[in-house]
Amino acid sequence: MNDDMKYTSLRVREDRKMQLERAAIDVSHAIGKTVKWTDVANYLFTNHLKDAVKDMKAAR
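Remember, it's a predicted structure, so these values are computed and weren't measured experimentally. (Residues numbered from 1 in each chain as written. Predicted model: local features only at pLDDT ≥ 70, side-chain atom pairs only at ≥ 80, totals over all residues. Heavy atoms only, no water.)

How would you explain the pattern of salt bridges if you had to name every residue and give the values?
Enumeration over the complete set of coordinates arrives at two salt bridges. As a salt-bridge pair, Asp15 and Arg13 come within 2.9 Å of each other at their nearest N and O atoms. The class for Asp15 is partly exposed, based on a relative accessible area of 42%. Between Lys17 and Glu21 there is a salt bridge, with the nearest N and O atoms lying 3.3 Å from each other. Here Lys17 and its partner Glu21 are both found in helix 1 (residues 14-31), four residues apart, which amounts to about one turn of the helix. Given a relative accessible area of 23%, Lys17 falls into the partly exposed group. For Glu21, a relative accessible area of 24% translates into the label partly exposed. (Salt bridge = Lys/Arg side-chain N within 4 Å of Asp/Glu carboxyl O. Buried < 20%, exposed > 50% of the residue type's maximum accessible area, 1.4 Å probe, protein only. Helix = DSSP H or I, 4+ residues; strand = E, 2+ residues; numbered from the N terminus.)

This is the structure we're talking about:
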């Protein structure tokens, strides 16, 4: 990871954070490696953002 990378915060409702935490636990058990809820959130951003944008545009 690039040490010059800057970070910011994202407000997530507690119920959604719990969904992410449960998903992280599920993935952790499946792959035998610890996965954090933030890893799941970042995976979603990296791999599904374009689809989300397309879906939101189509919903308008």
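Can you tell me about the packing of helix 1 against helix 2 (residues 37-59), naming the residues and giving the values?
At a minimum axis distance of 8 Å, the contact between helix 1 and helix 2 shows a crossing angle of 100°. Taken together, the axes of helix 1 and helix 2 are roughly perpendicular relative to one another. Contacts from Lys17, Leu20, Glu21, Ala23 and Ala24 of helix 1 reach helix 2 at Trp37, Val40, Ala41 and Leu44. Its residues assigned to classes, the contact of helix 1 with helix 2 shows seven nonpolar, no polar and two charged. (Axes fitted to C-alpha atoms, helices over the stretch in contact; angles between N-to-C directions. Parallel < 35°, antiparallel > 145°, perpendicular 65-115°, else oblique. Contact = heavy atoms within 4.5 Å. Nonpolar A, V, L, I, M, F, W, Y, C, P; charged D, E, K, R; others polar.)

Give me the nonpolar core: which residues, what numbers.
Grouped burial of nonpolar side chains is what soluble globular proteins tend to show. With five residues, the main nonpolar core is built from Leu20, Ala24, Val35, Val40 and Ala41. Those elements that place two or more of their residues in this core are helix 1 and helix 2. Among residues more than four places away in sequence, those in contact with Leu20 are Trp37, Val40, Ala41 and Leu44. (Core = buried A, V, L, I, M, F, W, Y, C linked by side-chain atoms within 4.5 Å.)

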